[in-house]
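Listed below, chain by chain, are the residues.
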Amino acid sequence: MFLPLLFTISLLFSSSAHASLLDFCVADPSLPDGPSGYSCKNPAQVTVDDFVYHALSIPTNTSNLLKFGVTAAFAPQFPGVNGLGISIARADLGVGGVVPLHTHPGASELIYLAEGTIVGGFISGSANTVYYKTLHKGDVMVFPQGVMHFQFNTGETPATVIASFGSANPGVQVTAFALFGNNLPSSFVEKITFLDEAEVRKLKGVFGGTG
Ligand SMILES: *[C@@H]1O[C@H](CO)[C@@H](O)[C@H](O)[C@H]1NC(C)=O
């Protein structure tokens, strides 16, 4: 009777000690990144400031082609989320601003519209079905992992979006930059997009591509 009880208690104790060891793994960006995230900072050197991030309080600069700015709090910027499967970002859209068609290969996304009026939408990969909606302040919308999605400001005032992700490092691939912002040969781009030469040249000029 006594021995099994002792055994149970010691099991409980060791498993809770184990759990507390795994509570967090604040990233040490000086060590290499790997498939399971960054290596852990020495827990003895972790402070509360590793779990707090201030940069999202600052409006981002929207003086650019897209009238769109973003501040990410992913593991490289905010080491406290490393290994936790979550992260967050702030996006600002000036009047007429656009978050161009893009995907996050590593995470589903949930947005909360803190200010303004936008259209949010995504295109389902399985059925090519389009889902979009005008969102107003306080609305929430989800974008499933890996699907192409977009937002644009349809209001008369700037919009602010808070986006959370189911990964500490969701990654991002922007369709327009993938097609027109690199050295993919123009003749290839014409073939794979069905656009004509003049349009491809124009878009490469807009997005900084060559070739
Ligand atoms: C915003 O970005 C533009 C273009 O890069 C720059 O000229 C401007 O100074 C920036 N504004 C602020 C407030 O940083």
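This is a predicted model, so every value here is computed, not measured.

**Observations concerning the domain arrangement of the chain**
According to the domain assignment, the chain consists of domain 1 (19-171) and domain 2 (172-211). If you look at the interface, domain 1 gives 10 residues, while domain 2 gives 6 residues. Summed over both sides, the interface between domain 1 and domain 2 buries roughly 600 Å², with carbon and sulfur atoms accounting for 69% of that surface. Linking domain 1 with domain 2 are 0 salt bridges. Inspection of the region where domain 1 meets domain 2 yields 2 residue pairs in polar contact (both at pLDDT 80 or more).

**What about the pattern of salt bridges?**
If you walk through the whole model with that rule in mind, you get 5 salt bridges. Here Lys-137 makes a salt bridge to Glu-115, at a shortest N to O gap of 3.2 Å. Separated by 22 residues along the polypeptide, Lys-137 in the loop between β8 (130-136) and β9 (140-143) and Glu-115 in strand β6 (residues 109-115) bring together distant segments of the chain. The partly exposed category is assigned to Glu-115, whose relative accessible area is 39%. Of the charged contacts in the structure, one is a salt bridge between Lys-202 and Glu-199, with a shortest N-O distance of 3.7 Å.

**A few points about the packing of aromatic side chains**
Within a pair of aromatic rings, the relevant descriptors are the distance that separates the centres and the angle that separates the planes. In the structure shown here, the tally under the stated rule is 8 aromatic pairs. Consider the rings of Phe-74 and Phe-165, whose centres lie 5.3 Å apart with planes at 85°: the pair is edge-to-face. Taken together, the residues span a long stretch of sequence, with Phe-74 in the loop between β3 (68-73) and β4 (87-93) and Phe-165 in strand β11 (residues 159-165) at a distance of 91 residues. What makes Phe-74 buried here is its relative accessible area of 13%. Judged by its relative accessible area of 7%, Phe-165 falls in the buried class. Of the aromatic side chains, those joined through ring pairs into one cluster are Phe-122, Tyr-131 and Phe-143.

Definitions and limits used
- For every chain, the first residue of the written sequence is number 1, and numbering continues from 1 along that sequence.
- Local features in a predicted model are, by the rule used here, given only for residues with pLDDT of at least 70; side-chain atom pairs are given and counted only at 80 or more, and totals for whole chains, interfaces and linings are based on all residues.
- Values shown for side chains rest on all heavy atoms present in the structure; no hydrogens or waters enter the calculation.
- Domain segmentation is taken from an automatic or database assignment of domains.
- Working rule for contacts: check all heavy atoms of both residues, and any pair within 4.5 Å makes them a contact.
- The buried area of a pairing is the accessible area, by a 1.4 Å probe, that goes missing from both parts when the two are put together, added over both.
- What makes a salt bridge here is a side-chain nitrogen of Lys or Arg within 4 Å of a carboxyl oxygen of Asp or Glu, nothing more.
- Polar contact is the term for a pair of N or O atoms within 3.5 Å; when the atoms are in protein, one must be able to donate a hydrogen and the other to accept it, and sequence-neighboring residues count only if both atoms are side-chain atoms.
- By the criteria applied, helices consist of DSSP H or I runs no shorter than four residues and strands consist of E runs no shorter than two, each listed in order from the N terminus.
- When accessible area is computed with a 1.4 Å probe and restricted to protein chains, residues below 20% of their type maximum are described as buried, those above 50% as exposed, and intermediate ones as partly exposed.
- Under the pairing criterion, centres of Phe, Tyr and Trp rings, with the six-membered ring standing for Trp, must be within 6.5 Å; the plane angle then separates stacked pairs below 30 degrees from edge-to-face pairs above 60, leaving the rest tilted.

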